[in-house]
Amino acid sequence: MSDLKGKELDNLEKSCRWKRYAAHEQIIDRQSELRDVYFVVEGRVRVVNYSMSGREITLDDVSEGGYFGELAALDSQPRSASVMALTETLVISLPPDIFLETLAKHPPLALDVMVRLAQVVRTSTDRIMDLSTLAANNRVHADLLREARANMDGKHKARISPVPLHNDIASRVSTTRETVSRVMSDLTRQGIVQRTKNVLVVPDVDRLQEMVEEVRGE
């Protein structure tokens, strides 16, 4: 909403509700009838679904400055996923009618939302292909490559901070924590990743990419 200025932004803020959540507290329940859009002011949240057996499947993490809940506001359907706070989190929620009215008045904002939704579709497509075509260890490699590309430190090196939790990786790629632990140990022995206290370093992202592409047949 950075394109909004002055009085218009003030009026929009009057329509918002502010709420603080504790770490691990649920913000949105899947199938909820509420249609508000949420903006993360402080903290970090996780968008999740659950399998029939109760396994948590991570769809996305949203950090400070990001937003979530726009799908239900756009199509008036029930929520497609649950959202919980990963840390103590402050969010503001905007009613769906105000959200849609704002997009209609400001095409650049509407375009920003469409670009973000396109990114969600691309990411989902990649994950579906990985689940359909890659073994569990290769899915871990692919997930690590996505994280590395998002945290580049120069042309060839990546620094991922904080260090990804094995449980979180397992949730994203639909495998077990034990499998992730084994794969990460193998990558460490090969020098593909280097772990410090707070940072996971990928010294040669191109090498990791070659591993993934070789299995994918790219």
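Conventions and cut-offs
- Residues numbered from 1 in each chain as written.
- Predicted model: local features only at pLDDT ≥ 70, side-chain atom pairs only at ≥ 80, totals over all residues.
- Heavy atoms only, no water.
- Core = buried A, V, L, I, M, F, W, Y, C linked by side-chain atoms within 4.5 Å.
- Buried < 20%, exposed > 50% of the residue type's maximum accessible area, 1.4 Å probe, protein only.
- Helix = DSSP H or I, 4+ residues; strand = E, 2+ residues; numbered from the N terminus.
- Contact = heavy atoms within 4.5 Å.
- Pairing = 2+ DSSP bridges.
- Axes fitted to C-alpha atoms, helices over the stretch in contact; angles between N-to-C directions.
- Parallel < 35°, antiparallel > 145°, perpendicular 65-115°, else oblique.
- Left-handed = near helix turned anticlockwise from the far one by under 90°.
- Nonpolar A, V, L, I, M, F, W, Y, C, P; charged D, E, K, R; others polar.

A. The nonpolar core, seen in detail. Ranked by internal contacts, the top residues of the largest apolar core, which has 23 residues, are Val140, Leu144, Met184, Leu187, Val193, Leu200 and Val202. Of all the elements in the fold, those that place two or more residues in this core are helix 5 (136-149), strand 9 (158-160), helix 6 (166-173), helix 7 (177-189), strand 11 (200-202) and helix 8 (205-216). Among the elements that line this core, the one with the most residues is helix 5, at five residues. Excluding residues within four positions of it along the chain, Val202 makes contact with Ala148, His156, Lys157, Ala158, Ile160, Ile192, Val193 and Leu208.

B. Structural context of the sheet that holds strand 10 (residues 194-195). The sheet built from three strands is open, its strands ordered 9-11-10 with antiparallel pairing. Each having just a single partner strand, strand 9 and strand 10 make up the two edges of the open sheet. Sheet topology places strand 9 next to strand 11; three bridges connect them, and they run antiparallel. Opposite Ile160, over in strand 11, you have Leu200 as the bridge partner.

C. The environment of Asp206, seen in detail. Note that Asp206 resides in helix 8. Between the C-alpha atoms of Asp206 and His156, which are 50 residues apart in sequence, the distance is 6.6 Å.

D. Region of the structure containing the packing of helix 5 against helix 8. Orientation of helix 5 relative to helix 8, taken along the N-to-C sense of each, is 140°, at an axis distance of 10 Å. By the angle class used here, helix 5 and helix 8 are oblique. For the pair helix 5 and helix 8, the sense of crossing is left-handed. For the pair formed by helix 5 and helix 8, the contact residues are Asn138, His141, Ala142, Leu144, Leu145, Arg146, Ala148 and Arg149 on the first element and Val205, Leu208, Gln209, Met211, Val212, Val215 and Arg216 on the second.

E. Region of interest: the packing of helix 3 (residues 96-105) against helix 4 (residues 107-133). Where helix 3 meets helix 4, the axes come as close as 5 Å, and the angle between the chain directions of the two elements is 115°. Considering their axes alone, helix 3 and helix 4 lie roughly perpendicular with respect to each other. Of helix 4, the residues touching helix 3 (which contributes Phe99, Thr102, Leu103, Ala104 and Lys105) are Pro107, Leu109, Ala110 and Val113. Here the residues of the contact of helix 3 with helix 4 sort into seven nonpolar, one polar and one charged.

F. Main features of unusual backbone geometry. Geometrically, the link from Ser161 to Pro162 is a cis peptide bond, its omega value of 0° lying close to zero. With respect to the helices and strands, Pro162 occurs in the loop between strand 9 and helix 6. Its identity is not glycine, yet Ser76 carries a phi of approximately 60°, on the positive side. By the secondary structure assignment, Ser76 is in the loop between helix 2 (70-75) and strand 7 (82-85). Of note in this structure, Ser174 is not a glycine but carries a positive phi near 60°. Along the chain, Ser174 turns up in the loop between helix 6 and helix 7.

Geometric descriptors of this kind do not, in isolation, establish any biological role.
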